[in-house]
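Examination of the molecular architecture
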Amino acid sequence: MNFSHDELLLELDRIEATIARAVRQAGSGHDPTLERQLDAHGRSLRAMLDAEAAVVVDDVLDAAKRVLDAAEPAAPLLMLDMARANLAAVVRRSQRLRPAA
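Here is a short report on the structure shown in this document. A quick note: this is a predicted structure, and the numbers were derived from the prediction, not measured.

1. Focus: the nonpolar core
Counting 22 residues, the largest nonpolar core has Ile15, Ile19, Leu49 and Leu87 as the members making the most contacts within it. Going through the elements one at a time, α1 (5-24), α2 (32-48), α3 (53-69) and α4 (74-97) are the ones with two or more residues in this core. Counting residues per element, this core draws most heavily on α3, which supplies 8 residues. Setting aside chain neighbours within four positions, we find Ile19 in contact with Leu38, Val60, Ala64, Leu80 and Arg84.

This is the structure in structure tokens:
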């Protein structure tokens, strides 16, 4: 399926909002509803990006879930920040590689 860059950016905004909730709940433990939302965003992003980007999406999801479960969330928060930056770079790069319509 073909997705516009605007649709990709919208999904990136959605996952960022959900990640922000995870950051606010850092160290609070397992949250099944939030984890299901993260997984749904992950499925959408994987469909919109190429196969190589799926690894970056998985890194973001794993880091966000780790933040929730960490007794001491400082290190997982740092890992999440790095994963988010990588995902943003992948999205920017996908726009440059996408053929003009």
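2. Some points on a nonpolar patch on the surface
A cluster of nonpolar residues, Leu78, Met79 and Met82, forms a patch on the protein surface that exposes about 290 Å² of accessible area. Relative to the helices and strands, Met82 resides in helix α4. A residue is classified by how much of its surface remains accessible, and Met82, at 42% relative accessible area, is partly exposed.

Cut-offs used in this document
- Residues numbered from 1 in each chain as written.
- Predicted model: local features only at pLDDT ≥ 70, side-chain atom pairs only at ≥ 80, totals over all residues.
- Heavy atoms only, no water.
- Core = buried A, V, L, I, M, F, W, Y, C linked by side-chain atoms within 4.5 Å.
- Buried < 20%, exposed > 50% of the residue type's maximum accessible area, 1.4 Å probe, protein only.
- Helix = DSSP H or I, 4+ residues; strand = E, 2+ residues; numbered from the N terminus.
- Contact = heavy atoms within 4.5 Å.
- Patch = residues over 30% accessible without salt bridge, like charges linked within 9 Å, V, L, I, M, F, W, Y side chains within 5 Å.
- Areas by Shrake-Rupley, 256 points an atom, 1.4 Å probe, with all protein chains shown as cover.
- Salt bridge = Lys/Arg side-chain N within 4 Å of Asp/Glu carboxyl O.

Everything listed here is a matter of geometry and, on its own, says nothing about what the molecule does.
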